[in-house]
Every structure is written in structure tokens, then in C-alpha cells.
Amino acid sequence: MRRGLGWIGGLLLAMVVAGFPVGAEGHQRSTSFSYWTEEGDAVSVRLVFPWVEAAVAWEELREAVPERALEDPALRALLRERFAERVRVGGTDGDCSPFAWQEPVLRDGALVFAGAGRCPGGARSLFFTLSFDEAPSHVHLVRFEREGERLAGIVTADAREWIVAPSDRSAASPSFLALGFEHILAGPDHLVFLLALMLLSTSFAALALLITGFTLSHSLSLALAVTGRAAPDIATIEALIGFTVAFAALEVLLTHAGDGNDAARLRRQTARGAAVLCAALPILSLAGVLQLTPVLAGGVMLFSICYLLLDLRSERARWLVVFLFGFLHGFGFAGPLLEMRLDAADTARALLGFNVGVEAGQLAFLAVAWPVVRRLGQSLRRPAVAAALAAVILAAGVHWFLSRAL
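Residues numbered from 1 in each chain as written. Predicted model: local features only at pLDDT ≥ 70, side-chain atom pairs only at ≥ 80, totals over all residues. Heavy atoms only, no water.

Caption draft 1: Up close: the overall build of the chain. Of the regular secondary structure elements, the chain holds 15 helices and ten strands. A buried classification covers 49% of the 406 residues belonging to the chain. Within the chain, residue pairs in contact and separated by at least 24 positions form 74% of the contacts whose partners lie at least 6 positions apart. Carbon and sulfur atoms form 61% of the exposed surface of the chain, whose accessible area is close to 18,700 Å². (Helix = DSSP H or I, 4+ residues; strand = E, 2+ residues; numbered from the N terminus. Buried < 20%, exposed > 50% of the residue type's maximum accessible area, 1.4 Å probe, protein only. Contact = heavy atoms within 4.5 Å. Areas by Shrake-Rupley, 256 points an atom, 1.4 Å probe, with all protein chains shown as cover.)

Caption draft 2: Seen up close, the environment of L126. Take L126: it is sitting in strand β7 (residues 123–128). Along the sequence, L126 and V89 sit 37 residues apart, while their C-alpha atoms lie 4.8 Å from each other. Discounting chain neighbours no more than four positions away, the residues touching L126 are W36, R88, V89, V142, F144, R160, E161, W162 and V164.

Caption draft 3: Fine view of the packing of aromatic side chains. Going through the model one piece at a time under the given rule, you end up with 22 aromatic pairs. Through a chain of ring-to-ring contacts, three or more aromatic side chains come together here, namely W36, F49, W58, F83, F99, W101, F113, F128, F144 and W162. (Phe/Tyr/Trp six-rings, centres within 6.5 Å; stacked < 30°, edge-to-face > 60°.)

Caption draft 4: Seen up close, the sheet that holds strand β10 (residues 161–163). Strand order in the open sheet formed by three strands is β3-β7-β10, with antiparallel pairing between adjacent strands. Here the strands that pair on one side only, and so sit at the sheet edges, are β3 (87–91) and β10. Each strand axis lies, on average, 20° off the axis of its neighbour in the sheet, ignoring direction. (Pairing = 2+ DSSP bridges. Axes fitted to C-alpha atoms, helices over the stretch in contact; angles between N-to-C directions.)

Caption draft 5: The arrangement of the side chain of H190 in detail. Here H190 shows up in helix α6 (residues 188–200). Here H329 takes part through its side chain, which lies 3.4 Å from a polar atom of the side chain of H190. (Polar contact = N/O pair within 3.5 Å; in protein donor to acceptor, adjacent residues only side chain to side chain.)

Caption draft 6: Region of the structure containing the state of the cysteines. Counted according to the given criterion, the structure contains one disulfide. The disulfide partner of C96 is C119, and the gap between their sulfur atoms is 2.0 Å. Where C96 bonds to C119 through sulfur, the torsion about that S-S bond is close to 115°, and the disulfide is right-handed. Of this pair, C96 sits in the loop between β3 and β4 (100–101) while C119 sits in the loop between β6 (110–118) and β7, and the two are 23 residues apart along the sequence. Of the two residues examined, C96 and C119, each falls in the buried class. (Disulfide = S-S within 2.5 Å.)

Caption draft 7: View of the pattern of salt bridges. Evaluation of the coordinates by the stated rule reveals eight salt bridges. The residue E134 makes a salt bridge to R86 at a minimum N-O spacing of 3.5 Å. Of this pair, E134 sits in the loop between β7 and β8 (139–146) while R86 sits in the loop between α4 (73–84) and β3, and the two are 48 residues apart along the sequence. The class of E134 is partly exposed, set by a relative accessible area of 33%. In this structure, R404 engages D189 in a salt bridge whose closest nitrogen and oxygen atoms are separated by 3.2 Å. With R404 in helix α15 (residues 382–405) and D189 in helix α6, this pair connects stretches of sequence that are 215 residues apart. In this structure R404 comes out as buried when scored by relative accessible area, which is 13%. (Salt bridge = Lys/Arg side-chain N within 4 Å of Asp/Glu carboxyl O.)

Caption draft 8: Inspection of the packing of helix α7 (residues 204–226) against helix α12 (residues 315–333) at higher detail. Contact geometry of α7 with α12 gives a least axis separation of 7 Å together with a crossing angle of 35°. α7 and α12 meet at a crossing whose hand is right-handed. Along the contact surface, α7 presents L209, L210, G213, F214, L216, S217, H218, L220, S221, L222 and A225, while α12 presents R318, W319, V322, F323, F325, G326, F327, H329, G330, F331 and F333. Looking at the contact of α7 with α12 residue by residue, the class counts come to 14 nonpolar, seven polar and one charged. (Left-handed = near helix turned anticlockwise from the far one by under 90°. Nonpolar A, V, L, I, M, F, W, Y, C, P; charged D, E, K, R; others polar.)

Caption draft 9: Quick look at α12. Taking 1.5 Å of rise per residue, 19 residues should cover 27 Å, and α12 covers 27 Å from first to last C-alpha, within 8% of that figure. If you check which residues of α12 are buried, you get A317, R318, V321, V322, F325, G326, L328, H329, G330, F331, G332 and F333. (Expected span 1.5 Å × (residues − 1).)

Caption draft 10: Inspection of the nonpolar core at higher detail. Among the nonpolar cores identified, the biggest contains 79 residues, and F176, L197, L308 and F354 are the most heavily contacted of them. Take this core: its biggest share by element is 14 residues, from helix α8 (residues 234–255). Residues in contact with L197, not counting those within four places in the same chain, are L207, L210, I211 and V322. If you look at the next biggest cluster of nonpolar residues, it comprises 36 residues, including V43, V45, V89 and C96. (Core = buried A, V, L, I, M, F, W, Y, C linked by side-chain atoms within 4.5 Å.)

Caption draft 11: The arrangement of unusual backbone geometry in detail. Phi at D108 is positive, roughly 50°, even though this residue is not glycine. Turning to its location among the elements, D108 is positioned in the loop between β5 (105–107) and β6. Owing to a relative accessible area of 83%, D108 belongs among the exposed residues under this scheme.

Caption draft 12: A look at the environment of G377. Summarising the element assignment, G377 is placed in helix α14 (residues 344–379). Judged by its relative accessible area of 18%, G377 is buried. Through-space distance from the C-alpha of G377 to that of L199 is 9.1 Å; in sequence the pair is 178 residues apart.

Caption draft 13: Structural view of the side chain of S217. Here S217 is to be found in helix α7. S217 has contacts with V322, F323, G326 and F327, leaving out every residue within four places of it along the chain.

Read these as spatial facts, not as claims about activity.
Structural data, given as C-alpha cells:
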């Protein structure tokens, strides 16, 4: 038994070390945004294009350091010229005048392009090339304001033209449904968290109970964020989502440690070690190492210590923890919709479509992954399988938490 526990511990250490190359982007999928304003024939736009996407589209940026690259006036002029070729505007009563684009500026890791032009009778259509040829999964979100009305739309590689018309609202829900479906499947941190819930479940009924609580809470927090009832700091939320993944993996390890004195000792040692590490969070926050506030870091510490050292682990406690963690994941889902700053009419449609898409994507993942997890558990010794997968999940969660919080 001791040999088996030592093997699991060694595997855990190896997986933690190997897991650190995992990307930290999480829900930050390939997305850009544009904000358009029309007053009479005058049309202006501010387009936010992530640097990583620009580097995919233009090879001149692939080896460049963002903060230094834009110090070169020749490169700024080149980017303005290249970008002008990737956005076209059509007028209602004729062609629009060529848009005058300003040189880009760098803000929060994204290139921001501002432009203006005139369209007879107003703008009729927007056509985007952006990085669709180089990155077909890229999504561009549009917000268009005219005469006090705010419209919203989605542009993809398969549908690069957006018609500026109020009737587009009828297509808002299907578009946002697809966005929600793609968003959930492009978020590895959320999918890995779902995998941990599968490893904690001994039956489909147990899994359904956890997923129900998780769905209720993340649907509620998504609605609160998008309707403006809550205004979470997205960077902090993304870091805490990494913490939820790591914590769920730790719960899997403690649950599948086995029986007997050695297993009980392993659980105690693991819980104490994790609690000590969490106790360091407020200190690191006060020292300025972590971007979390001291109060928030202290809350994470108290939650972890109470749950781990007081041995509060039970089916009911696990459901409550999953419900709590769902709130954080729901705030993480809200990013794309918050960026669009939708009005009340579009918010209801977008929220409904996006949330249905998220749930559909989640069910699709569970339908594929659950049989695989069950088959592994039946074919191999379940504790060993659970420990190996939990080690990978723990590595990813710790990496996501630290890379986003530092």
C-alpha cells in the first residue's frame, strides 16, 4: 500500500511540473470587438484587436514585443494600411467614402484602431476580414449605435458580413447561442473542472446532482453580470476559476486515496500541506506578489483551511462548494457579452441565446466524456486512474491560478 501511495505521490509531482506549459487564457478565446456610432451620414468606429490575433494575421508582429513595436512609426503606418484592407463599410444609398484610420495604439494587450468616414443614407453593411483566414475560429463582436438605438451582432469566418438593420435582432438569439456553444468548448478551464466533477461522481445520478447545482449558480451569476446587477473584476475571477479547478482536483485525490491507515495518513498530510500553502496567500497579497486583494486572499485561505482541516467533506458540502464555484465560472462566461454593452432589448435575447449555447456545449462535453471516464474506471483500478487524471487537473489549476494572479 505504501508503495502504491508513493507511486501516486511521485506521479502527482511529475504531473505538476509537466503541467505548467498549459496555457493561461481559459475563457479568453480568440475574440475582437468593434464599437460603431452613426450620426447622419457620419460613421465612426473604435475596433479592439488582440495583439495575439494581430500577430497571427501579420508576420511583422510575430517576433515583436508589443510595448516596443509601436514605437516604430513605419510599423504603425504599415499596420494602419494593412488594417484598412480588412474592414469595409457599405452605404445605404451608395458607396461610403474611404475611411480615415488613425495609427493604432496599444491598450491592455490589444491594438485599438479608430476610424471615421461618411456613408450616404447611413451605413448598410460591415464586412470584416480581420484574422479569419489565419484563425478561422476567431469571433468578432459588433455594437452599432444610431439614433438612440443600439444594435449588436456577431461576425465569424463563415459569416463575415453584418447587415446593419433592426431586423437583425430576430437573429440575435441563434447567433449568441452559437457563441455560447463555442465559448464553452473553447474554455479549457471550465471543461477540466467538469472532468473533475466526473471523477468525484460514482454514478450518473451523483454527477447530475453536481451539474444541476453548478448550472443553476453559473446561470444566475451570468445573468447578474450581464444585466449590471454585479460588476466583478474579470481578471480576479479568472484567477479564482483556476483555484476552483485546483481545489476540485485536490478533492478527487482525497476522495480516491483509498482505505486503511496509510490512506488516512495521506489524506491528512495532503490536506495539511494544501492548507499551509493557502495560508501563504494573504502574505503574498500584502507583499504585492499576488494581484488578489488581501481580503479576498484571506477569504480563500479561510475557506480552504476550514474545508480541508475540519474535514467538512460530505456529499452535501461538496454540492454547496460546487454551487459556490459555479458563481465564479458564470462571471467568467460573461466577458464577451459585457464587452458589447448591450441595451435592454438585446441583453435579454443575447443572455438567453448565450446561456442556452453554454448549456448545450456543456451537455455535449459530458455526453462524450462521461462514458470514457466510466470505461477507464471499469477497465483499470479506479483509484489509480482518478489519481493520474487528478494530478493533471491539479497541475493545470495551480498554473491557471498563479499565472493569472501574479
